[in-house]
Amino acid sequence: MSYRRDKAASCEWTHWVISHRKRLLACGVPSQVFEKEQAWRDFLDHGYYSNAHGQPALIDVDEMPDAEALALCVFLEEHEGEDCSTLGLLQFRFKRGSHSC
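What you are looking at is a predicted structure, and each value in this text was computed from that prediction instead of being measured. Residue positions are given per chain, counted from 1 along the sequence in the order it is written. The predicted origin of the model limits local features to residues at a pLDDT of at least 70 and limits the giving and counting of side-chain atom pairs to 80 or more, whereas totals for whole chains, interfaces and linings rest on all residues. Hydrogens and water are ignored here; the side-chain numbers use all heavy atoms of the structure.

Novice: Could you give me a rundown of helix α3 (residues 37-46), with the residues and numbers involved?
Specialist: Only protein chains enter the calculation, and the probe is 1.4 Å; a residue is then buried if its accessible area is under 20% of its type maximum, exposed if over 50%, and partly exposed in between. Put simply, DSSP marks the helices as runs of H or I at least four residues long and the strands as runs of E at least two long, and each gets a number from the N terminus on. Looking only at α3, the buried set comprises Ala39, Trp40, Phe43 and Leu44. Along the axis of α3, the buried residues cluster in a sector spanning 135°; they form a single face. Whether two residues are in contact is decided by their heavy atoms, any of which lying within 4.5 Å being enough. Residues of α3 that are buried make contact with α1 (7-26), α2 (31-34), β1 (48-49), β2 (59-60), α4 (66-79) and α5 (85-94). Gly47 sits one or two positions beyond α3 and adopts a positive phi of about 85°. Here the arc refers to the set of directions running from the helix axis out to each C-beta atom.

Novice: Can you break down the pattern of salt bridges residue by residue, with the values?
Specialist: Salt-bridge detection follows one rule: a side-chain nitrogen of Lys or Arg within 4 Å of a carboxyl oxygen of Asp or Glu. Overall, the coordinates contain six salt bridges when judged by the stated rule. Across the pair Arg21 and Glu35 runs a salt bridge whose closest N-O atoms are separated by 3.3 Å. In this pair, Arg21 sits in helix α1 while Glu35 sits in the loop between α2 and α3, placing the two residues 14 residues apart along the sequence. Given the relative accessible area of 30%, Arg21 is considered partly exposed. Note on Glu35: relative accessible area 42%, which makes it partly exposed. Of the charged contacts in the structure, one is a salt bridge between Arg96 and Glu77, with a shortest N-O distance of 2.6 Å. Taken together, the positions of Arg96 in the segment after α5 and Glu77 in helix α4 put the pair 19 residues apart, joining distant regions of the chain. Look at Glu77 and you get partly exposed, because its relative accessible area is 27%. Through salt bridges with shared partners, a single ionic network connects Glu37, Arg41 and Glu80.

Here you go:
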């Protein structure tokens, strides 16, 4: 039996990428991080993303310039839930939202 992708979910993800591509690139997020949904989810869960084990991260929120990191924080506040680890890291960094101390 072959694995079948959920066509509606795939179309929804493609639409999401098209809608947000320019803004994510402006935030300093490499396209490899958001072109595949699983890579995006990994980034949101960990605050960094590497496309291969043992390779340097393509993106790490702790190493992003402030302007890009703040723009990404605002984007995630608009599009992700409170359980997003990357959002929490950025909110803490900029003392924003419910994650600020």
